[in-house]
Every structure is written in C-alpha cells, then in structure tokens.
Amino acid sequence: MAGNTGTYLIRGASLLGGEPADVLIRDGVIAETGTGLSAEGRDTGATVIDAAGLVALPGMVDVHTHLREPGREDAETVETGTRAAALGGYTAVHAMANSTPVADTAGVVEQVYSLGQAAGWVDVRPVGAVTVGLAGEQLAELGAMADSRARVRMFSDDGICVHDPVLMRRALEYVKAFDGVVAQHAQEPRLTAGAQMNEGEVSAVLGLTGWPAVAEESIIARDVLLAQHVGSRLHVCHVSTAGSVEIIRWAKQRGINVTAEVTPHHLLLTDDLVRSYDPVYKVNPPLRTDADVQALRAGLADGTIDVVGTDHAPHPSEHKECEWAQAAMGMTGLETALSVVQHTMIETGLMSWADFARVTSAAAAKIGRLEDQGRPLEAGEPANIILVDPAARWTVEPAKMATMGRNSPFKGMELPGKVVATFFKGHPTVLDGKLNTPYPHAASVGAA
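Asks: Give me the overall build of the protein chain: which residues, what numbers.
Replies: A count of helical and extended segments in the protein chain gives 11 helices and 19 strands. In terms of C-alpha radius of gyration, the protein chain reaches 21 Å, essentially the compact-globule figure of 22 Å for 448 residues. Taking the principal axes of its C-alpha atoms as reference, the protein chain extends roughly 70 × 45 × 45 Å. In the protein chain, buried positions account for 59% of the 448 residues. Long-range contacts, defined as pairs at least 24 residues apart, comprise 73% of the intrachain contacts of the protein chain with a sequence gap of at least 6. Counting every atom, the protein chain has about 16,600 Å² of accessible surface; 50% of that belongs to carbon and sulfur.

Asks: I'd like a rundown of the pattern of salt bridges, residues and numbers included.
Replies: Following the criterion strictly, the structure yields 17 salt bridges and no others. As a salt-bridge pair, Asp 179 and Arg 233 come within 3.6 Å of each other at their nearest N and O atoms. Placement of Asp 179 in the loop between α4 (165-175) and β10 (181-184) and of Arg 233 in the loop between α6 (213-230) and β13 (234-236) is noted, with a sequence separation of 54 residues between them. Judged by its relative accessible area of 37%, Asp 179 falls in the partly exposed class. On the basis of relative accessible area, Arg 233 is assigned to the buried category, the value being 9%. Across the pair Arg 190 and Glu 188 runs a salt bridge, and its minimum N-O distance is 2.9 Å.

Asks: I'd love a proper account of α4, names of residues and values included.
Replies: Every buried residue of α4 is accounted for by Leu 167, Met 168, Ala 171, Leu 172 and Val 175. Viewed end-on, α4 has its buried residues packed into an arc of 135°, placing them on one side of the element. At its buried positions, α4 is contacted by α3 (142-147), β9 (154-155), β10, α6 and β13. N-capping of α4 is provided by Asp 164, with a side-chain oxygen placed 2.9 Å from the backbone N of Val 166.

Asks: Mind laying out the nonpolar core, listing which residues take part and the relevant values?
Replies: In globular proteins that are soluble, nonpolar side chains generally tend to be buried together. Within the largest apolar cluster, 79 residues are counted, with the highest numbers of intra-cluster contacts made by Phe 155 and Leu 300. Counting residues per element, this core draws most heavily on α6, at 6 residues. Contacts of Leu 300, omitting those with residues within four sequence positions, involve Val 262, Leu 267, Ile 305, Val 307, Val 308, Met 345, Met 351, Arg 358 and Val 359. One finds Leu 206, Val 280, Val 396 and Phe 410 within the second-largest nonpolar core, a separate group that totals 19 residues.

Asks: Run through the environment of Glu 371, naming residues and quoting values.
Replies: Within the secondary structure, Glu 371 sits in the loop between α11 (353-368) and β16 (385-395). By relative accessible area, which is 69% here, Glu 371 ends up exposed. A sequence separation of 82 residues divides Glu 371 from Thr 289, and the C-alpha atoms of the two residues are 37 Å apart.

Asks: Tell me about the sheet that holds β10, and name the residues and values.
Replies: Overall, parallel pairing links the 5 strands, which are arranged β9-β10-β13-β14-β15 in an open sheet. The open sheet has two edge strands with one neighbour each: β9 and β15 (307-308).

Asks: Give me the lowdown on the pairing of strand β17 (residues 414-424), citing residues and values where you can.
Replies: Most of β17 is tucked away: 8 of the 11 residues are buried. Relative to β17, β16 is paired through 8 bridges, and the arrangement is antiparallel. By the bridge assignment, Trp 394 is partnered in β17 with Leu 415. Inspection of the sheet shows β17 paired to strand β18 (residues 427-431) by 3 bridges, in the antiparallel sense. Note on β18: the bridge partner recorded for Phe 423 is Pro 428. Once β17 ends, the chain turns through 2 residues before running back antiparallel as β18, passing Lys 425 with a positive phi of about 55°.

Asks: Account for the packing of aromatic side chains, with residues named and values stated.
Replies: Tallying each qualifying case throughout the model produces 5 aromatic pairs. Between the aromatic rings of Tyr 8 and Phe 423, the centroid separation amounts to 5.5 Å while the plane-to-plane angle is 65°, which identifies the pairing as edge-to-face. Residue Tyr 8 is located in strand β1 (residues 7-15), and its partner Phe 423 is located in strand β17; the two are separated by 415 residues in the primary sequence. For the pair Tyr 8 and Phe 423, a shared accessibility class is recorded, and that class is buried. Consider the rings of Phe 424 and Tyr 439, whose centres lie 5.8 Å apart with planes at 65°: the pair is edge-to-face. Placement of the pair is Phe 424 in strand β17 and Tyr 439 in the segment after β19 (434-435), with a sequence separation of 15 residues. You can call Tyr 439 buried: its relative accessible area is 16%. Among the aromatic side chains, those forming a connected cluster through ring pairs are Phe 155, Tyr 174 and Phe 178. The ring of Trp 394 has Lys 418 lying over it, and the distance from NZ or CZ to the ring centre is 3.6 Å.

Cut-off values and rules
- Residues numbered from 1 in each chain as written.
- Predicted model: local features only at pLDDT ≥ 70, side-chain atom pairs only at ≥ 80, totals over all residues.
- Heavy atoms only, no water.
- Helix = DSSP H or I, 4+ residues; strand = E, 2+ residues; numbered from the N terminus.
- Rg over C-alpha atoms; globule rule 2.2 N^0.38 Å.
- Buried < 20%, exposed > 50% of the residue type's maximum accessible area, 1.4 Å probe, protein only.
- Contact = heavy atoms within 4.5 Å.
- Areas by Shrake-Rupley, 256 points an atom, 1.4 Å probe, with all protein chains shown as cover.
- Salt bridge = Lys/Arg side-chain N within 4 Å of Asp/Glu carboxyl O.
- Arc of directions from axis to C-beta.
- Polar contact = N/O pair within 3.5 Å; in protein donor to acceptor, adjacent residues only side chain to side chain.
- Core = buried A, V, L, I, M, F, W, Y, C linked by side-chain atoms within 4.5 Å.
- Pairing = 2+ DSSP bridges.
- Phe/Tyr/Trp six-rings, centres within 6.5 Å; stacked < 30°, edge-to-face > 60°.
- Lys NZ or Arg CZ within 6 Å of the ring centre and 35° of its normal.

Shown next as structure tokens:
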C-alpha cells in the first residue's frame, strides 16, 4: 500500500535531550509518544529499536547544499550527496542553483527535484537562480520555478553576489507574490577581486590578497534596507564576520524580515590554518579570525543567526590537490555538521539539544517553507526523525564518507556525536550508523 512504510517502536530515547520516552512510528507518521509504549496488540511485526542513551531529534534540514548535478557529476550527484545527507542526519536539503546548466528554469529545477525523489534518501528542494545563468543581468524565471512541480521558494545566485541593487530590489519584489525568499551571497565583487583569504594579519604575513570583512557587511547592510523598503524576505548565506552579525541583529531589532545562516566551518576554524597553504582551507567566504568565530557562535546562540547551513561544496580531488592560488573554493559538510555543532555549541554550553533542533531543523524548514519538515516530535506529525549518540567519538576520514568530495577541513579531527538512525517519512534510511535503504516508494515516483 502506497505510503505504508511499516511500524517502528523507538524505546527510551531522550526527546530533544529531555527525559527518556518511547516513539511509535506507523505509516510514516508519529502515532504515539510516551513511556512504556508497546507495539503488541497494535501492530504485529513492529520493529523495536533500543534507543537508550540516544537523543531523538527532528530530521535536520540544510538550507545550503551543492549537489552539483546536472553537469558536474565528477564532483557529486544527487544520489551520492543525498546518501551523505542521510548519514549526516538530514531528511531535507536545498540544492543550490550553480549546476551546469544553471537551475534558472522550471525544466532544470524539476529535473533536480525528480532526481531527489528517485534517489529516496532525503527530500530535495531545488533552489532557483535569481538571474539567468547567474550572470547578474536579468531575472530568471522565478514565477515559473515557483509554479513548477519543484515548488521552488528559495532563490539564490550563491557563489556569486547579486551586486546590482536595482536587480536585487526587483527580485525581492517579485518573490513576494508566492512567499519566496532571496538568499544572498553577500560579497561586493569590486572589493574582493583576486582575493585568496581573509584580509588581516595572516594575509599580510603570507602575502595573499585579502577578502575584507566590509565586502560582506556592506552588501548585507544594503540588502536588509532593500528588504525593508519592499517588505520582502531576505536570507543571508554563510555569514562569516562579527560585523555582519551586528548588522543582522540591528535589522531584526527594526523588524526587518531577514534570516541568516552560519556554516559549521565558520563556527570552528580560523584563518590561521591558511598558514599551511593547504587548499582544503580555501573557501568563500574565507575562514576569518577567532574574534569572528566567537561572534558567530554568540549570534547563533542568541537567535541573531537563525540556522546552520553546511554550504556542502564537494570538488574533484584535482581541483583541491593543487597550488593554493589555483585551488577551488569550498568544503564538504553534510556528514560532519552535527558533530561540529555539538562540539562548538552544545559542549561549550551555548546551546541545548532543543536549541540544536531549532537551528538545524525547525527554523530551516520555515525559511524554505517545507511544511513536512522540522516538525515537533509529537503524535500526528510526519516521522522525520534522527537518533544521535551524543557520547560517541569518531575521527573524520574523508575517504570513508558517502560524498564524492574528499575536501573535508576536519580530516583527522576527533569529533563528538554520531547519527545512529535516520527516519525519512517513517522509513529508516540509516540504521546502526550505516545506510539502510531509501524510501521504498521512490522508484514509482513520476510513473503515472
């Protein structure tokens, strides 16, 4: 029967880090929560999962993933990227538009959407380009993408800033018609020409062209004012500086409808790592200073920054294992995000597991308008759930990851926390920390 994915009884999990409870999943929905639940008499053949010592959380939602397909299948595919996402605890990802061809038409976003459904590991929601070909010259088919089967609600030229203020204003005005959001890669291109790393003390010592904080902050300041002027939604991608946090905080205090994300790598790593000249640390926006890292953590903790977005950016090895100047910018992140956030935010006392659920799931689902994701762990809600072992420790080995990208900046690091199980629409895509099977009805998608 379509939609029937079986019955599972999760016993003794700590819901959002609270008291242990049982969760009964039936036909893709949370049927019941409480203590001492039993599947006997309700469901013959229910699978019982002993979750003592594990934390149950809503499936994570990534607002910023690069799946590379179509066109760059040498770097990642929807299949490999979503396998990585499931292992990392995600049940939904937003696929960025900078594929080849660019996701700037209804046809391309529907292709990505269909690939995600066929894979069956997570919910894949395409992000549409703001401008045709990411060229920054004319608006893409925003309305057609919104009306397509992919139901696009987030639009971004990520990787390139929509630097023309008139075009940015038009985009913000246009998406109001269907409650969309423009996600801006905040980078004034004239201030970052030839930039190789953060502009500061380390860049001066190394003699590398700097990427100044003001190049990010000036665009954010402009765009929050544009969003206020037209009464639209703005999302700021991968915030990386203390000044940006202050501008976003100011904008929210004024009631401007702005949300923001921070990446795991910007919560942990600093530009001091660039002294090694290892291109794995080359990323856009660049790794910043420790003062910026501390400001980003504080901003995430107090709600100024709404969500953690991985900016998962896999590259073929030849694009990373080369000289710094020629290396591509970007880092993988789907399979390490939970652990890095636990390390930087929970183990430091800045956040609880309930806070974690907000910044990795509920708030992200709201930004992307994903109605079935980021929901409470309550009866009647969709069973997008993960089980995490917070006491686990593991060493990052990129070669063993599901993603095709080996460009993890956390290689060799010992991190806390491990995803033990991922339930997507009530079906276990991950069990015992390993891939299980995709959502069982994925193959029939689009068959009608």
